[in-house]
Amino acid sequence: MSRRYNIAVVGATGAVGEEIFRVLEEHDFPVGEVLPLSSARSAGTEIECFGRKIKTEELTETVFEGREIDIAFFSAGGSVSARFAPFAVEAGAVVIDNTSHFRMDPDVPLVVPEINPEDIPLWRERGIIANPNCSTIQMVLALKPLYDLYGGISRVDVSTYQATSGAGKSGMEELVRQMQDFFAFKLDESAHEAFLHQIALNVIPQIDTPQPNGYTREEMKMVKETAKIMHADFPVSATCVRVPVLRSHSESVTVTFPEGVEVDVEKVRLALSEFPDVEVQDDLEHGVYPMPITATDSDITFVGRIRRDLFAPNILHLWVVADQLRVGAATNAVRIAEKWIEMEEV
């Protein structure tokens, strides 16, 4: 990388915004000027990044003017991106948006750099690159090498076990508070605001709003986004569940390959282990498999419990775990920025 890039982070005080700064530092990203942006309520908050303290500024329609921002990361909710991302683009920045607002826009590329980097140049249409849903990212990272190995996929069924951090800081805080209330024998009195029901000592089989087809919005994101990222139209059915885990999502994935395919587990392990940013942890006898507690703070997607179906030789079962604040949000956004720079500097 031949020069340094001025960046803005919208939602700088949120869980994903904070993680973006961490990942940028860890990746030794070529940062020039830094503009942390937040709501009026949080403006003035000091954040520490790149060895210095910087005060956040309020996000406004004019804040990008004259700042020469090259890359603007948006992580403050879909309505915020809808309103303010065009102003960042107009001021000359490429926007990397972590919300769902632009994902299915046909003129906006939806990118996981290890899978579809060729879509990145489409950013010129709108000046925006969309970051996929966290659950989608880790799933497609496991699916792509298998799709290539067997020349296609016929169907995917996935059940997710999603951490409370998927609902931001408030979700994690609610779990911690409820567990504290439990040990103080006050759980019956504990309020829930981040989730529809008590999350401590519970699982909630609903994430996001119900849709007319009986699925939730979160589940339909996985269906639609997978097709757009992989440029493939195989059916996906998802059941998304919130679990009392602080961080890192887990997924039980069943992959059906075309008729005539006979799954070879060793070839599957090899294909996954050779794919960028994927690691196989699969030794059931010795208790080795991916778990949220070991995936947290990692940029890797971990895959284990790899096994062929007992009754159909063309069906494979997997367990996939990744830190959704990193792999599913901040790290993927930074990887998009790195790939964008690589392509722009050619």
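See the structure printed just above.
No experiment lies behind these values; they were computed from the predicted model shown.

Definitions and limits used
- Residues numbered from 1 in each chain as written.
- Predicted model: local features only at pLDDT ≥ 70, side-chain atom pairs only at ≥ 80, totals over all residues.
- Heavy atoms only, no water.
- Bend = angle between axes of the 7 residues up to and from the residue.
- Helix = DSSP H or I, 4+ residues; strand = E, 2+ residues; numbered from the N terminus.
- Buried < 20%, exposed > 50% of the residue type's maximum accessible area, 1.4 Å probe, protein only.
- Pairing = 2+ DSSP bridges.
- Axes fitted to C-alpha atoms, helices over the stretch in contact; angles between N-to-C directions.
- Parallel < 35°, antiparallel > 145°, perpendicular 65-115°, else oblique.
- Left-handed = near helix turned anticlockwise from the far one by under 90°.
- Contact = heavy atoms within 4.5 Å.
- Nonpolar A, V, L, I, M, F, W, Y, C, P; charged D, E, K, R; others polar.
- 1 Å grid on protein atoms, 1.4 Å probe; cavity = no way out; pocket = protein on both sides within 12 Å on 5 of 7 lines; lining within 4 Å.
- Points joined across faces, edges and corners; volume = space filled by probe spheres on them.
- Phe/Tyr/Trp six-rings, centres within 6.5 Å; stacked < 30°, edge-to-face > 60°.
- Lys NZ or Arg CZ within 6 Å of the ring centre and 35° of its normal.
- Expected span 1.5 Å × (residues − 1).
- Salt bridge = Lys/Arg side-chain N within 4 Å of Asp/Glu carboxyl O.

In an α-helix, one full turn covers 3.6 residues, which means residues spaced three or four apart are oriented alike. At Asn332, helix H8 (residues 326-344) shows its maximal kink, close to 40 degrees. Burial runs high along H8: 15 of the 19 residues are buried.

Glancing now at the pairing of strand S9 (residues 155-162). Covered by surrounding structure in S9 are Val156, Val158, Thr160 and Gln162 only, the residues Arg155, Asp157, Ser159 and Tyr161 on the alternate face being uncovered. Sheet analysis places S9 next to strand S11 (residues 249-256), joined by 7 bridges and oriented antiparallel. When the bridges of S11 are listed, Arg155 appears paired with Thr256.

What follows is about the packing of helix H3 (residues 134-150) against helix H6 (residues 265-273). When two helices pack together, their arrangement is given by the angle between the helix axes and by the axis-to-axis distance. Running from N to C, H3 and H6 point in directions that differ by 125 degrees, and their axes come no closer than 9 Å. Considering the angle they form, H3 stands oblique to H6. Crossing geometry of H3 relative to H6 is assigned as right-handed. Residues Ala142, Pro145, Leu146, Leu149 and Tyr150 of H3 lie in contact with H6, whose contacting residues are Lys267, Val268, Ala271 and Leu272. When its residues are assigned to classes, the contact of H3 with H6 shows 8 nonpolar, no polar and 1 charged.

A separate point is the layout of surface pockets. One number sums up the size of the largest pocket: a volume of about 1000 Å³. Lining the largest pocket are 43 residues; nearest its centre among them are Val16, Ser75, Ala76, Gly77 and Gly166. Of all the elements in the fold, those that place two or more residues in the lining of the largest pocket are helix H1 (15-26), helix H2 (78-90), helix H5 (217-230) and H8. Class assignment of the residues belonging to the lining of the largest pocket gives a composition of 13 nonpolar, 22 polar and 8 charged.

The subject of this paragraph is the packing of aromatic side chains. Counted by the stated rule, this structure contains 7 aromatic pairs. We note Arg3 situated over the ring of Tyr5; from NZ or CZ to the ring centre the distance is 4.0 Å.

A separate point is helix H4 (residues 169-183). Taking 1.5 Å per residue, 15 residues should reach 21 Å; H4 reaches 21 Å between its end C-alpha atoms and fits that length. Buried within H4 we find Gly171, Met172, Glu174, Leu175, Gln178 and Asp181. Of the residues trailing H4, Phe185 is marked for its positive phi of about 60 degrees.

Right, let's get into the sheet that holds strand S6 (residues 71-74). On the basis of which strands lie adjacent, the open sheet formed by 6 strands has the order S5-S2-S1-S6-S7-S8 and parallel pairing. In this open sheet, the two edge strands, each paired with only one partner strand, are strand S5 (57-58) and strand S8 (128-130). Sheet strands touched by H2: strand S1 (5-10), S6, strand S7 (94-97) and S8. Its angle to S6, the strand with the most contacts, is close to 175 degrees. Across the sheet, H8 is in contact with S1, S6, S7 and S8; its angle to S6 comes to roughly 160 degrees.

This part takes up the environment of Val321. Among the secondary structure elements, Val321 is positioned in strand S14 (residues 315-322). Overall, the relative accessible area of 0% leaves Val321 in the buried class. Here the alpha-carbon distance between Val321 and Glu118, two residues 203 residues apart in the chain, equals 26 Å. Residues contacting Val321, with those up to four places away along its chain left out, are Gln138, Ser248, His249, Ser250, Pro290, Met291, Pro292, Ala295, Ile300, Thr301 and Phe302.

Further remarks concern the pattern of salt bridges. Considering all chains together, one arrives at 27 salt bridges under this definition. For Asp282, the salt bridge goes to Arg269, with nearest N and O atoms at 2.7 Å. Taken together, the residues span a long stretch of sequence, with Asp282 in the loop between strand S12 (278-280) and helix H7 (292-295) and Arg269 in helix H6 at a distance of 13 residues. Salt bridges sharing common partners tie together Glu19, Arg22, Glu26, Arg247, Asp297, Asp299, Asp323 and Arg326.

Read from one edge to the other, the open sheet built from 6 strands follows the order S10-S9-S11-S14-S13-S12, with strand pairing classed as mixed. Because the sheet does not close on itself, it has two edges, and the strands there are strand S10 (236-242) and S12. The average angle at which neighbouring strand axes cross in this sheet is 20 degrees, direction not considered. As paired elements, S12 and strand S13 (residues 301-308) share 3 bridges and run parallel to each other. By the bridge assignment, Glu279 is partnered in S13 with Phe302. Contacts from H5 reach S9, S10 and S11, with the element oriented near 145 degrees to S10. Across the sheet, H6 is in contact with S12, S13 and S14; its angle to S13 comes to roughly 170 degrees.

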